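# Architecture at a glance
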Amino acid sequence: MEAGAETYLEAFPIFETNDPEEMRNALLYRFGARSFDTSNRAASFAARGNHAQLKHIGISFCSYDADVKIAFPETTAVRQQFCLHGSAKTKLYRSIGQFGAGGSFIIPSNVQTAVDFSESYRQLVLRVETEFLDSKLKSLLGLAKTKPLDFRNPSKPEDPRFRAMLYSVLGLATQLNVAGTLLPPLILDELQQSITMMFLFCNHHNLSYMLEADALGDTSRTVRTVEDFIEENWKSAVTIEALANLTGVSARSIFKEFKKTRGYTPMVFVKKVRLKHSRTMLSFPDLKTSVTGVALACGFLNHGHFSRDYRETFGELPSVTLARAKRGS
């Protein structure tokens, strides 16, 4: 994916400089890098970094208009680099990944890293805290303990699952740039959960076979229990941990059972329930009721997607429902 000079996360600037020494100081003393070097000491040097941080995940954009070498210490997060333009070489303790535009490389936590960036390099980096990642994995598999994840590097750009991951990260960067951390906690929580589950399912690792295995269990009771829980807790973020603890089976089994008996996932059922409540709110409005306010209150971030889903479900736009209700009041 050649993105040229395109920039992401402009609403979350961290640094922008034409001075290599200023860049060195920022990386070493502000961001904890172990070393920084560039072959370009001229005025043409340019570097930019943007970063949006949520509770458990972070996403960064960086660009370098010169050859740059940076060494990083161990961290508490797993990082996935997505090259948008140029090329990079990432060196770990036991592997080297060289990739260009459209490629990716995953850096485990607690590993020192050295990265060589080419001139005109652009990338997005997803950071997922290891503790949060492990919690999701255990809930999906229904296990109290799992082996450490060992990722297959580098990712292949032509792999459909990797492409899904890439577009999810691009979409997350765009959503955060538009609305930022002002989004309701419900939406921010579910954005973190969604991108983390994509990370586990779309990247190849030593436990992928377990996530892809057929699920077993009592489907009818499990599905009914989950549906009742969602109906009662539709205003809150529905987490896979909560569903696994509620039913006593793995989240992987829950998702498989929903697909088999309902034809959709629990998250689709969440959307159905929230759409039902949004129709009630629009049908019985007060003076402050608006389509945008109802959409956000019901967990819908994208106004266009909310209107589309609402019309597909109820046969009319939400604005029509609201207007009719206000005329009748």
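Everything below is about the structure printed above this text.
Everything in this summary refers to the structure shown in the same document. (Residues numbered from 1 in each chain as written. Predicted model: local features only at pLDDT ≥ 70, side-chain atom pairs only at ≥ 80, totals over all residues. Heavy atoms only, no water.)

## Re the overall build of the protein
So the rule is basically this: Numbered from the N terminus, helices here are DSSP runs of H or I no shorter than four residues, and strands are runs of E no shorter than two. Think of it in three bands: residues with accessible area under 20% of the maximum for their type are buried, residues over 50% are exposed, and the middle band is partly exposed, with areas taken using a 1.4 Å probe on protein chains only. The contact criterion used throughout is that any non-hydrogen atoms of two residues lie within 4.5 Å. A positive count includes Lys and Arg, and a negative count includes Asp and Glu. His and the chain ends are not counted in either. For charged residues, the charge sits on one atom: NZ in Lys, CZ in Arg, CG in Asp, CD in Glu.
Secondary structure assignment for the protein yields 12 helices and 11 strands. Seen through its principal axes, the protein has C-alpha atoms that stretch 70 × 50 × 35 Å. Residues counted as buried form 47% of the 329 residues belonging to the protein. Considering only contacts in the protein between residues 6 or more positions apart, those separated by 24 or more positions represent 73%. Counting 40 positive and 34 negative side-chain charges, the protein places the averaged centre of each group 5 Å from the other.

## Side note on the nonpolar core
Within soluble globular proteins, side chains that are nonpolar tend to cluster in buried spots. To keep it simple, the criterion reads: The nonpolar core is taken to be a set of buried Ala, Val, Leu, Ile, Met, Phe, Trp, Tyr and Cys residues, with the residues joined through side-chain atoms within 4.5 Å.
Of all hydrophobic cores here, the largest spans 45 residues; its most connected members are Leu9, Ile59, Leu124 and Leu176. Per-element accounting of this core gives the leading share, nine residues, to helix α4 (residues 185–202). In contact with leucine 176, other than residues within four places in its own chain, are Leu9, Phe12, Ala52, Leu54, Ile59 and Leu188.

## Here we look at helix α1 (residues 20–30)
For clarity, the cut-off: Here, the arc refers to the directions that run from the helix axis to the C-beta atoms. Here a polar contact means two N or O atoms within 3.5 Å. Within protein one must be a hydrogen donor candidate and the other an acceptor candidate, and residues neighboring in sequence count only if both atoms are side-chain atoms.
Here α1 has its buried residues at Pro20, Met23, Ala26 and Leu27. Buried residues along α1 cover an arc of 125 degrees about the axis, so they all sit on one side. Of the exposed residues in α1, those oriented more than 90 degrees away from the buried face are Tyr29 and Arg30. Tucked inside the fold, the buried residues of α1 contact β1 (13–17), β2 (35–38), β3 (47–53), β4 (57–64) and β5 (68–72). The backbone nitrogen of glutamate 21 has a side-chain oxygen 2.9 Å away, supplied by the residue at the start of α1, namely aspartate 19. Of the residues trailing α1, glycine 32 is marked for its positive phi of about 75 degrees.

## Quick look at the packing of helix α9 (residues 266–283) against helix α11 (residues 303–314)
If you want to describe how two helices pack, look at the angle between their axes and the distance between the axes. Note the threshold: To obtain an axis, a line is fitted to C-alpha atoms, over the contacting stretch when the element is a helix, and the angle between two such axes runs from 0 to 180 degrees between their N-to-C directions. If an angle is under 35 degrees, it is roughly parallel; if it is over 145, roughly antiparallel; if it lies from 65 to 115, roughly perpendicular; otherwise it is oblique. Classification convention: Asp, Glu, Lys, Arg as charged; Ala, Val, Leu, Ile, Met, Phe, Trp, Tyr, Cys, Pro as nonpolar; all other residues, Gly among them, as polar.
Taken N-terminus to C-terminus, the directions of α9 and α11 make an angle of 90 degrees; their axes are 11 Å apart at the nearest point. Between α9 and α11, the angle is such that the two are roughly perpendicular. Only Phe306, Asp309, Tyr310, Thr313 and Phe314 of α11 make contact with α9, whose side of the interface consists of Lys271, Leu275, Lys276, Ser278, Arg279 and Leu282. Class assignment for the residues of the contact of α9 with α11 results in five nonpolar, two polar and four charged.

## Notes on the sheet that holds β3
What counts, and what does not: Strand pairing is assigned whenever DSSP detects at least two bridges linking the two strands.
Taken in spatial order, the six strands make up an open sheet running β1-β3-β4-β11-β6-β9, and their pairing is antiparallel. Lying at the two open borders of the sheet, with one neighbouring strand each, are β1 and β9 (104–107). Within the sheet, the average angular offset between the axes of one strand and its neighbour, ignoring direction, is 15 degrees. Two strands pair when backbone bridges link them, and β1 and β3 are joined in this way by four bridges, in the antiparallel orientation.

## Some remarks on the sheet that holds β2
Pairing is antiparallel in the open sheet, where five strands are placed in the order β2-β5-β10-β7-β8. This sheet does not close on itself; its edge strands, each paired only once, are β2 and β8 (96–100). Across the sheet, the mean angle separating the axes of adjacent strands is 10 degrees when strand polarity is ignored. Here strand β7 (residues 87–91) pairs with strand β10 (residues 113–117) via four bridges, running antiparallel. Residue pairing across strands places threonine 90 opposite valine 115, the latter belonging to β10. Running at roughly 160 degrees to β2, α1 makes contact with β2 and β5 of the sheet.

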